[in-house]
Amino acid sequence: MVDLYNQYLKIKDDIDGGISSVIESSSFVKGGKVIDFQKNLEQYLGVKHVIPVANGTDALQISLMALGLKAGDEVITPTFTFIATAEVVALLGLTPVLVDVDTDTFCIDLKAVEKAITPKTKAIVPVHLFGQNANMEGLMAIAKKHNLFVVEDACQSMGSKYIFSDGQMCHSGTIGDIGCTSFFPSKNLGCYGDGGAIFTNNSEIAERITTIANHGMRVRYHHDIIGVNSRLDSIQAAVLDAKLPHLDSYVEARRKAAEFYNKSFARMPKVITPKTSSYTTHSYHQYTLRLVGIDRQILIDEMAKKGIPVMIYYPIPLHLQKAYRDERYRQGDFPIAEQLADTVCSLPMHTELDDEQLNYITTNFLNIISYL
Ligand SMILES: *Cc1c(COP(=O)(O)O)cnc(C)c1O
């Protein structure tokens, strides 16, 4: 699904040099490299504050902690996403309110959001799934009308841009009150372990987030609020700082691979290729197809025989997960998410796919589905 080693070889000197410099300085935590990367990412994103943390799940949790919510407050989030989005809501004693997604974009459905709002609703967490942004302009209007916070889960959308109706553009994760991302190795901007970051243009929220991520401590050993320990380490920051200048070209490589797939499958009625909305660019964290009338498991097995991995992101929507079963929800409540869970599949997608590999993947894929 990914090829991190060949990506590394192309910038080996920068990565090795960055890691060596951290070891030589022996400043492993909160070192200069973390600050360098923080500043460079602020500049890249065009955002006032970046707060590096230990991973994307922590980024989401700390963001929600910074909003001063209380037990039982409701947080609206899509049911078709990675578990972390709802997990942190539940862990904090808040109530996840799940909503369905849009068939074409796989992102949160705004009509469903409006219907789900109650007097207890305090925040919305849209997920920019697979690398394209949810409809943020529409969502911000809803949030404003109902006085709700918006925390963007931009864990999959680093490098993609939002396009406002007046033509202005900005980076994914920089529109809501807070944006969160992950630097898990396979993400668009990945480190060599775990990492994450929080973005915000609100200096007060940034100060609270920084404090919470550091044990709730402003002055050493004085703990003002209950916090956590969540930090990006200097070695990961060195890797990220070496990779950040290449992020746009990485996204471009993903887009080229996606175009190759799109063209190859354009005339196949059994396959629906991913659609990109007019208000967003797509960074193709995943290349996710919808299959029509095809036995997905046979396809996966046959592709595996050719050495081609095909993955399902995500096979079970959150409302049908054991840990999140709830009297409020049952099978059939979120028909789009349920249909997607049953019909999507993702093909290999990374920065190192060349035409030969893409040809091999698409030729085999087309061969197999022709007899399924
Ligand atoms: C990867 C991911 C996360 C969690 O990031 P980690 O760094 O693995 O904790 C959260 N939300 C989404 C949508 C993700 O893809």
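See the structure shown above.
One structure accompanies this document, and this report is about it. (Residues numbered from 1 in each chain as written. Predicted model: local features only at pLDDT ≥ 70, side-chain atom pairs only at ≥ 80, totals over all residues. Heavy atoms only, no water.)

Take the pairing of strand β4 (residues 121-124) next. In the sheet, strand β2 (residues 74-78) pairs with β4 via three bridges, with the strands oriented parallel. Within β4, the residue paired with E74 across the bridge is T121. The pairing of β4 with strand β5 (residues 149-153) spans two bridges and is classified as parallel. Each bridged residue has a counterpart across the sheet, and for A123 the counterpart in β5 is F149. (Pairing = 2+ DSSP bridges. Helix = DSSP H or I, 4+ residues; strand = E, 2+ residues; numbered from the N terminus.)

Okay, the sheet that holds strand β3 (residues 95-99) next. The mixed open sheet is built from seven strands, whose spatial order is β1-β9-β8-β5-β4-β2-β3. Both edges of this open sheet fall to β1 (49-53) and β3, since each of them pairs with a single strand only. Across the sheet, the mean angle separating the axes of adjacent strands is 25° when strand polarity is ignored. As paired elements, β5 and strand β8 (residues 178-182) share three bridges and run parallel to each other. Among the inter-strand pairings, E152 is bridged to a residue of β8, identified as G179. (Axes fitted to C-alpha atoms, helices over the stretch in contact; angles between N-to-C directions.)

Another aspect to go through is the site of the ligand. Contacts to the ligand come from N55, G56, T57, L60, F82, A84, V127, D153, C155, Q156, S182 and K187. A distance of 3.5 Å separates an oxygen atom of the ligand from a polar side-chain atom of N55. Interatomic distance of 2.8 Å between a side-chain N/O atom of Q156 and an oxygen atom of the ligand. When residues in the shell around the ligand are grouped by element, the largest group, three residues, is from helix α4 (residues 56-65). (Near = heavy atom within 4 Å. Polar contact = N/O pair within 3.5 Å; in protein donor to acceptor, adjacent residues only side chain to side chain.)

Between helix α10 (residues 247-265) and helix α13 (residues 355-371), the shortest axis-to-axis distance is 10 Å and the interhelical angle comes to 30°. Regarding the angle of α10 to α13, the classification is roughly parallel. For the crossing formed where α10 meets α13, the hand is right-handed. Contacts between α10 and α13 involve A257, F260, Y261, S264 and F265 from the former and D355, L358, N359, I361, T362, F365 and L366 from the latter. Residue composition of the contact of α10 with α13, by class: eight nonpolar, three polar and one charged. (Parallel < 35°, antiparallel > 145°, perpendicular 65-115°, else oblique. Left-handed = near helix turned anticlockwise from the far one by under 90°. Contact = heavy atoms within 4.5 Å. Nonpolar A, V, L, I, M, F, W, Y, C, P; charged D, E, K, R; others polar.)

Enumeration according to the criterion identifies 13 salt bridges in this entry. For D73, the salt bridge is made with K122, and the minimal N-O distance between the two is 3.3 Å. Of the two residues, D73 is situated in the loop between α4 and β2 and K122 in strand β4; the sequence distance between them amounts to 49 residues. Note that R328 is salt-bridged to D326, the shortest N-O span being 2.9 Å. (Salt bridge = Lys/Arg side-chain N within 4 Å of Asp/Glu carboxyl O.)

Below, the discussion takes up the sheet that holds strand β13 (residues 287-291). Within a sheet, adjacent strands bond to each other through the backbone by hydrogen bonds, running parallel or antiparallel. The strand order β12-β13-β14 describes an open sheet built from three strands, whose pairing is antiparallel. Strand pairing shows two members of the sheet lacking a second neighbour, β12 (271-272) and β14 (344-347), which therefore form its edges. Where β13 meets β14, four bridges bridge the pair, whose relative direction is antiparallel. Looking at β14, one finds that L289 is bridged to C345. Each of β12, β13 and β14 is contacted by α10, which is oriented at about 20° to β13, the strand it contacts most. Across the sheet, helix α11 (residues 296-305) is in contact with β13 and β14; its angle to β14 comes to roughly 15°.

The next subject is the packing of helix α2 (residues 12-25) against helix α9 (residues 234-243). Each pair of packed helices can be summarised by the angle the axes make with each other and by the distance between the axes. Two elements in contact, α2 and α9, have axes separated by 8 Å at closest approach and are oriented at 150°. In terms of axis orientation, α2 runs roughly antiparallel to α9. Our pair here, α2 against α9, has a crossing hand that is right-handed. For the pair α2 and α9, contact is made by D14, I15, G18, I19, V22 and I23 and by S234, I235, A238, V239, A242 and K243, respectively. Classifying every residue of the contact of α2 with α9 by side-chain character gives eight nonpolar, two polar and two charged.

Attention shifts here to the environment of E87. Checked against the element boundaries, E87 lands in helix α5 (residues 84-91). Given a relative accessible area of 29%, E87 falls into the partly exposed group. Residues within four places of E87 in sequence aside, it is in contact with T57 and Y324. (Buried < 20%, exposed > 50% of the residue type's maximum accessible area, 1.4 Å probe, protein only.)

With that out of the way, let us pick up the nonpolar core. One finds I76, F80, I108, V113, I124 and L129 to be the most contacted residues of the largest nonpolar core, which totals 40 residues. Of all the secondary-structure elements, those providing two or more residues to this core are β3, α6 (110-116), α7 (136-146) and α12 (335-343). Both domain 1 (4-245) and domain 2 (248-370) contribute no fewer than three residues apiece to this core. Among residues more than four places away in sequence, those in contact with I76 are V97, V99, I108, V113, A116, I117, T121, A123, I124 and V125. (Core = buried A, V, L, I, M, F, W, Y, C linked by side-chain atoms within 4.5 Å. Domains from an automatic or database assignment.)

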